[in-house]
Amino acid sequence: MRRQIILLLLFCSVLIGNAISQISEYSVKAVYLERFTRFMQWPSNIALEDTTQEFILGVIGDNPFENKLEEIYTEQKIKNKKVKLVYYQNVSQIEECHLLFIARTDNDKLFKILSYCSNKPILTVSDTGGFGGYGVHINFYISDNKVKFEINEKALHKAGLKCSYLLLKSARIINPVGGF
Amino acid sequence: MIKIKNLSIKSKLLGLVLSVSFTMLVLGFSFVIINYVLTLKKNMVINIMINAKLIGEYSVAPMMFDQREGAQEILEKLQTIPSIVNGYIFYKNGELFASYQTNKHITIDQNLIREPGYLFKNKYLHATRQIIYHNTNYGTIYLVATTGELNNTILRYLFMMLIVLIVLFIITYYLALKLQNIISQPLQTLVETTQTISRESDYSIRVSKYGNDEIGQLYDEFNEMLKQIQEREIARNMAEKAVRDSEFRYRTLFQLSPIPIFVHSKDHFVFINNAAIATLGGQTSGEFIGKSIYDIILPDIFTADELTPRTGEKSGLTEKKYLRLDNQIIYVESVESQIEYKGAPAAQVVFQDITDRKKAEQEILKLNEELEKRVQIRTDQLKKININLKKEIRNRKYVEKNLRESEERFRAIFESTSDGIVVWDRNYICLYANQAFYKYIGMEKKKITGKSLDTGLGHFIDYSSNWRQRINQVLNSGQPVWAEDNTIINNKQVFGESILSPIRNEDGEIFAVGIIYRDITERKLYEEKIKNYAAKLEDANKELEAFSYSVSHDLRAPLRSIDAFSKIVLEEELPRLSDNGKKYLQIVRDNAKQMDLLIKDLLDFSRLGRKPLVKQSVNIRELVEFTVKELSTNYASQNPAVIQEPSLDVQVKADASLLKQVFVNIIDNAFKYSSKNPNPIITIGTFKQNNELVCFVKDNGVGFDMRYADKLFGVFQRLHRSDEFSGTGVGLAIVNRIITRHGGKIWAESEVNFGTTFYFTVSDN
């Protein structure tokens, strides 16, 4: 019950677009994770249509969300599926997952993760400056005291994920596909 | 609606076509225009909805990721669509997310945000649409577009349509104007023809038809009708002329006829007469209408009743004797027919004046005598000639034969007349006597021809002596003598009337005297009878007067005693009288008074017949005023309203005291019989009817049943009980007698409970 109220408050604050200072930056980011999926289309061999299977949301590295992800995704479904949260510490631990949040880490570790994910239909999201340029699909950044994001269109393309132009229009584009 | 009814058919047709066309055009155009406007609006809504959808989709991501700038940017792209003036994006909860405004005065309709749709408000179209992405509702897009362009388009379209409508209407008007002639022209022609016919009464006009439709049939029927009217007109004119001619012929015949003809009422008043009746009556004026026929001729006293039209249809030829006003006796043959004249039963009488014929008969007798005398002379001469001129015997025989025949003829005439004829010569020798004479003197078997007056009529001494004297008179004077005789023949008294005329020969010498004798015994006897009747009448009158005197004094005196003593008893013995006693005594008094009144009225009534009329000029108004004033005092308690009409102011010729008695009786009746009406009104006036002055007295009293109207004017005839209304039953009999003696009529009209009106006529000059 309490969780529901918090969730509601969170939702409202995000929708109203209040300053991040009041509501935790990671609360916004946690909500945005689901929203990105609304504009994303996974390849057809990933049976996302089968609603009996869970949507696997993974976090690698030190979890910056504290318990916010649990608070949100116990109720919130992604792509109409129940969400299974998985936390990884090493690349070797990564299994099949649909969305992977890459926490702040060093570049070596990042490349290992990205190399693992390359050619797999895993949507990668990070919040570290420069990660977008390295090949993470969506990277959060803070501008005007607001949470914004950049999309590496080329990397998305490579991963076989299709992104709606509506999302692209709301983001800062890195490595645009048409740009080459 | 009346005006439309009166319009000409031409206008009606025109109006009909125009109104139908106009209605259809307006309805059609309205449909097209409304459809056009609806289509325009629908298109505009579709357009704005497409825009809303596009913008909504673009707004999904900015809404999700809280990018107001992005949304703003998208909204500002609306600038490329000039008709869209404002745009808003609302969150699902109704909060404004982003807006684009070029017109800040437009207010947002909150209902549209809650329930998406569209709305034309003022000059703007408000349209909202939910922002849906992947089946998820993110909020509402709200667009406002100006309808200025739409309205301009509609106005242009309306203007164009109006012009088309006017052009179509003008074309329709001209077409209708031209085409309505097909129907209205024949009708117009018919109307004009009808007017011409009614103005000039010329039924020979015909209309020529245009076609075989209903109007064509109407034309045929109209022509047929005209033909029939024309035929009828001709027939009627002919019939009218025939009637006029016939009427004129009859009138001329009637007026100019030397035969007296007149029509009179049951009571002998002349309705119409011709001039010949004046001639018959020996009067200069021919106007008798309204007068009694006794103003023209008086009937023979013993045949008076015969003038009354009898119940039969037509009387046979009757010979009558009348006395003219100048005392001349006239004889007529009359034929009477019962006819109806102006609704009243009347008798038409045709007289044939046979007075001249009667005279002529006498003339013929005279002439015959003269002829006989000549025959005699001729015979004498012939005798001489016979002696002297035997040669001429054949001639003489021939003449003699002729004369004999002639004489025989005359003799035959003489023998057949009813008057006795006898001729005496200067020596009183009888030359001739006819059968009638023999019969008259009662000597049928004897012959007195050739005998002298003394020997021939020896046993009629009176005759012979008187006649000798008269014959002498004629012989000496040469003038005819008229004489009457009274003698006893065969033990019967016989009155005779004889006319003695001199008979002269060719030289003018009197050689004989002819006597025509007529038996007037019967007439004499009648005269005697009349004298006897007159004497008896005189005696009866005297007795009546004596009776009247006795009634007035001897009968009334005891009555007054009864009344007077009853009064004394009532006054002086009052305390000793019982209530019934008083009542009975009062009844005794009332009845004594009533009887006294009755006797007085009877005396008046009987005196009326004998008292001569003293006619003078009388003013009816004065008479009535005086009478009403006099009577009003008796009926003061009822306070009756008496209306004296201005028509009362006329002069009449009448016996003033008797006429007053008439008014007293009738007005008193009116007062009396209206006494039970709470508001009695009595109206008195006069009017003219058939050249007669009619006086009337009208009341609103009890009235009477008209079935008993004929009993009204009889003596002792009462229609009401005397305990109801007092009276003797003599008053109206007196009135009737007075009016009749004045040559007038009296009658009454009444209805039970509604009043009575009395009318009587009185001569007004």
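Let me sum up the structure you'll find in this document. Not measured: the values here are computed from a predicted model.

So, on to the overall build of chain A. What chain A contains, in helices and strands, is seven helices and nine strands. By the burial criterion, 34% of the 180 residues in chain A qualify as buried. Sequence separation of at least 24 residues holds for 59% of the intrachain contacts in chain A that already meet a minimum separation of 6.

Quick look at the overall build of chain B now. The helix and strand inventory of chain B stands at 18 helices and 23 strands. Residue burial in chain B is summarised as follows: out of 765 residues, 22% are buried. Considering only contacts in chain B between residues 6 or more positions apart, those separated by 24 or more positions represent 55%.

Let us look at the environment of B:Asn427. Residues and elements named next belong to chain B. Its location among the elements puts Asn-427 in the loop between β12 (420-425) and β13 (430-433). Asn-427 gets classed as exposed once you count the C-beta atoms within 10 Å, which come to 8. With 41 residues separating them in the primary sequence, Asn-427 and Arg-468 have C-alpha atoms 9.9 Å apart.

Take the interface of chain B and chain A next. Tallying the contact residues gives twelve residues for chain B and twelve residues for chain A. Top contributing element to the side of chain B that touches chain A by residue count: helix α2 (residues 9-64) of chain B, with six residues. The residue makeup of the side of chain B that touches chain A, split by class, is seven nonpolar, three polar and two charged.

Two quantities define a packed helix pair, namely the angle between the axes and the distance from one axis to the other. Residues and elements named next belong to chain B. Between helix α17 (residues 656-673) and helix α18 (residues 731-741), the least distance of the axes is 9 Å, while the angle of their chain directions is 145°. Judged by the twist between their axes, the crossing of α17 over α18 is left-handed. Side by side, α17 and α18 meet where Leu-658, Gln-661, Val-662, Asn-665, Ile-666 and Asn-669 of the first sit next to Gly-731, Leu-732, Ile-734, Val-735, Ile-738 and Ile-739 of the second.

Residues and elements named next belong to chain A. Its identity as a non-glycine residue notwithstanding, Glu-66 has a phi of 55°, on the positive side. Residue position: Glu-66 is located in the loop between β2 (55-60) and α3 (68-73). Judged by local crowding, Glu-66 falls into the exposed class, with 12 C-beta atoms found within 10 Å. Positive phi, close to 65°, is recorded for Asn-80, a residue that is not glycine. On the secondary structure map, Asn-80 appears in the loop between α3 and β3 (83-88).

Residue and element names in this part refer to chain B. Over its 43 residues, helix α7 (residues 214-256) extends 61 Å from the first C-alpha to the last, a length consistent with the 63 Å expected when each residue adds 1.5 Å. Within α7, only three of the 43 residues are buried, leaving the element largely exposed. Looking at α7, one finds that the buried residues are Ile-215, Tyr-219 and Leu-226. On its buried face, α7 is in contact with α6 (181-200).

Looking down a regular strand, the side chains alternate between one sheet face and the other. Residue and element names in this part refer to chain B. Side chains Ile-746, Ala-748 and Ser-750 of strand β22 (residues 746-751) all project onto a buried face; the interleaved residues Trp-747, Glu-749 and Glu-751 project onto a face where none is buried. Looking at chain direction, β22 and strand β23 (residues 755-762) are connected through six bridges and run antiparallel. Paired with Ser-750 across the two strands is Thr-756, which belongs to β23. The loop that links β22 with its antiparallel partner β23 comprises three residues; one of these, Asn-753, has a positive phi angle of about 75°.

A few words on the pairing of strand β14 (residues 481-489) of chain B. All names here are of chain B. Relative to strand β15 (residues 492-504), β14 is paired through nine bridges, and the arrangement is antiparallel. If you follow Ile-489 over to β15, its bridge partner there is Lys-492. Hairpin connection, β14 to β15: the antiparallel pair is bridged by two residues, and Asn-490 has positive phi, about 50°.

Take B:Val399: it is sitting in helix α10 (residues 393-416). When the C-alpha positions of B:Val399 and B:Arg378 are compared, they lie 9.9 Å apart, and in sequence the two are 21 residues distant.

This part is about the sheet that holds β3(A). Residues and elements named next belong to chain A. An order of β3-β2-β4-β5-β6-β7-β9 is seen for the seven strands of this open sheet, with the pairing classed as mixed. Whereas interior strands pair on both sides, the edge strands pair on one side only; in this sheet they are β3 and β9 (172-174). Each neighbouring strand pair of the sheet contributes to a mean axis angle of 25°, computed without reference to strand direction. As judged from the three bridges shared by strand β7 (residues 146-152) and β9, these two strands associate in the parallel manner. Directly across from Ile-151, in β9, lies its bridge partner Ile-173. Contacting β2, β4 (99-102), β5 (123-126), β6 (138-143) and β7, helix α2 (residues 25-38) runs over the sheet at an angle of about 40° to β7.

As a further point, take the nonpolar core. Among the nonpolar cores identified, the biggest contains 74 residues, and A:Phe36 and B:Leu143 are the most heavily contacted of them. Considering each element in turn, this core owes the most residues, nine residues, to α2(B). Counting residues in each nonpolar core, the second largest holds 36 residues, with B:Ile682, B:Cys695, B:Ala733 and B:Phe758 among its members.

Reading the values: rules and limits
Residues numbered from 1 in each chain as written. Chains lettered and ligands numbered in written order. Predicted model: local features only at pLDDT ≥ 70, side-chain atom pairs only at ≥ 80, totals over all residues. Helix = DSSP H or I, 4+ residues; strand = E, 2+ residues; numbered from the N terminus. Buried ≥ 20, exposed ≤ 12 C-beta atoms within 10 Å, placed from the backbone. Contact = placed C-beta atoms within 7 Å. Nonpolar A, V, L, I, M, F, W, Y, C, P; charged D, E, K, R; others polar. Axes fitted to C-alpha atoms, helices over the stretch in contact; angles between N-to-C directions. Left-handed = near helix turned anticlockwise from the far one by under 90°. Expected span 1.5 Å × (residues − 1). Pairing = 2+ DSSP bridges. Core = buried A, V, L, I, M, F, W, Y, C linked by C-beta atoms within 7 Å.

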